[in-house]
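Structural characterization, general
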Amino acid sequence: MTDAQDTASDTALRTTGGAPSDDDVPANGLPIPLLEPREGIPPVVATDEALAEVVAAFAAGRGPVAVDAERASGYRYGQRAYLVQLRREGAGSALIDPVGCPDLSSLGEALAGTEWILHAATQDLPCLRDIGMVPTRLFDTELAGRLAGFPRVGLGAMVESVLGYALEKGHSAVDWSTRPLPEPWLRYAALDVELLVDLRDALEKELDRQGKLGWALEEFEAIASAPPAPPRKDPWRRTSGMHKVRRRRQMAVVRELWTARDKIAQRRDVSPGKVLSDSAIVEAALALPPNAGALSALPGYGQRMGKRQLEQWQAAVDRAKALPESELPQPGQPVAGPPPPRAWADKDPAAAARLSAARAAVSALAEELNLPQENLITPDTVRRVCWEPPAPVTPDAVAAALTGHGARPWQVGLVTPLLVTALAAKA
């Protein structure tokens, strides 16, 4: 039994959760299957009238609110939410359909100032923001698990190891844009928020016991206050298999096909991969087919693809082939910051020595603190400070550099002494 399980077992589960009573805990220690939400599956809210009732109920509720969202990744274009689940003491659970209720700003306003509990918050916050739900305070149970040293931090694994209950599995990757949503999916969705409050309470006590609660609170504040991520520059460069494409003309074909595919996917509201696979894009870029017939012989453009589709993809290839040299993409994006670490030994042996010493020190401290290295300090931050260290290398200067790269105070306090030493390493 982990320390966190001890913490959980010392405290009776909140009655707002859907967990069975302590009397139901089996003697063999196996997790108890959690098969039904305590109050049953709530009706799906899809009208303004029903939403107003939910807003009033959750505004009158008590304590933090558990929040989750389901997307249709791999089926639909973009990352919009197709179901939002909430649970709060005094309000029970709610399932809201953002298709029928696309503006949930009234709910977001009703929960202003309330702590939101999410699992892997950075995954759900963008789609929640799009429908008007933006927390000012949050508790991320997945990040809390990482900081507490749990080896498996998925929601199911955390609920099982901390609380002793087994959540239903199997519907996380379904097409949540389906309407009406099948009852088993709704049951799964409701159970996802059933024990989040209980999990949060147990993890808070465990973090406090380990002396890490302050660290977690700083992390949660950083997530809640972070601005929306800017749009990616040249997203076509992230095409899977892009490393095979060497020549600029071939890169132009990838760009044209990617852009054409994206427009079609957005218009049809389907995942781009369902329109044309990344591997098919790369195959066409490498082959530079002269016509649609040659294109049809390539993997990904087989017999199932109609003549009209083949012609539209060949047109994209032809546009790329017709571009003047001046309009062809450059081999790589200009990168702000240090080069890849594998090139350091040749470019700057002293910097390579600094990085090696810093990595070893960070790894040792992370192991001592029982948390992942990337949560102690991001590898990118370490690379940037080692490539361009402050001058002179003093604790204050290193701390300022870390802060400038976004490190939180708890990270700065722990890592600064390590980097001061590492930055003195010689080639």
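Our subject is the structure that appears above.
Below you will find a few notes about this structure. Along each chain, numbering runs from 1 in the same order as the chain's sequence is written. Where local features are concerned, this predicted model is filtered to residues with pLDDT of at least 70; where side-chain atom pairs are given and counted, the filter is 80 or more; whole-chain, interface and lining totals use all residues. Excluded from the side-chain calculation are hydrogens and water; included are all heavy atoms of the structure.

As for the packing of helix H5 (residues 141-148) against helix H9 (residues 213-225)
- Axis definition: a line fitted to C-alpha atoms, limited for helices to the stretch in contact. Angles are taken between N-to-C directions and run from 0 to 180 degrees. Elements are defined by DSSP. Helices are runs of H or I of four residues or more, strands are runs of E of two residues or more, and each kind is numbered from the N terminus. Remark: H5 packs on H9, axes separated minimally by 10 Å, with the N-to-C direction vectors making an angle of 145°. When you trace H5 past H9, the crossing you get is right-handed. Only Trp215, Ala216, Glu219, Phe220 and Ile223 of H9 make contact with H5, whose side of the interface consists of Leu143, Ala144 and Leu147.
- Ten residue types, Ala, Val, Leu, Ile, Met, Phe, Trp, Tyr, Cys and Pro, are classed as nonpolar, four, Asp, Glu, Lys and Arg, as charged, and the remainder, Gly among them, as polar. Partitioned by chemical class, the residues of the contact of H5 with H9 number seven nonpolar, no polar and one charged. What makes a crossing left-handed is the near helix being turned counterclockwise from the far one by less than a right angle; a clockwise turn instead makes it right-handed. Residues count as neighbours in contact if any of their non-hydrogen atoms are within 4.5 Å of one another.

What about the pattern of salt bridges?
- Every case where a carboxyl oxygen of Asp or Glu lies within 4 Å of a side-chain nitrogen of Lys or Arg is listed as a salt bridge. A full pass over the atoms with the stated rule returns 20 salt bridges.
- Put simply, Glu36 and Arg187 hold a salt bridge, and the shortest N to O gap is 2.7 Å. One end of the pair, Glu36, is in the loop between strand S1 (32-34) and strand S2 (44-45); the other, Arg187, is in helix H7 (residues 183-194), and 151 residues separate them in sequence.
- According to the relative accessible area criterion, Glu36 is partly exposed, its value standing at 39%.
- Here Glu115 makes a salt bridge to Arg200, at a shortest N to O gap of 2.6 Å. Of this pair, Glu115 sits in strand S6 (residues 115-118) while Arg200 sits in helix H8 (residues 196-210); the two residues are 85 residues apart in sequence, bridging distant segments of the chain.
- Note on exposure labels: buried denotes an accessible area under 20% of the residue type's maximum, exposed denotes more than 50%, and partly exposed covers the range between, all computed with a 1.4 Å probe on protein chains only. Given a relative accessible area of 9%, Arg200 falls into the buried group.
- What you see here is one network of salt bridges that share partners, running through Glu115, Arg200, Asp201 and Glu204.

With respect to helix H6 (residues 155-163)
- Extensive coverage of H6 is indicated by the burial of seven of its nine residues.
- Within the span of H6, buried status applies to Leu155, Ala157, Met158, Val159, Ser161, Val162 and Leu163.
- Downstream of H6 by a residue or two, Gly164 has a phi angle that is positive, lying close to 85°.

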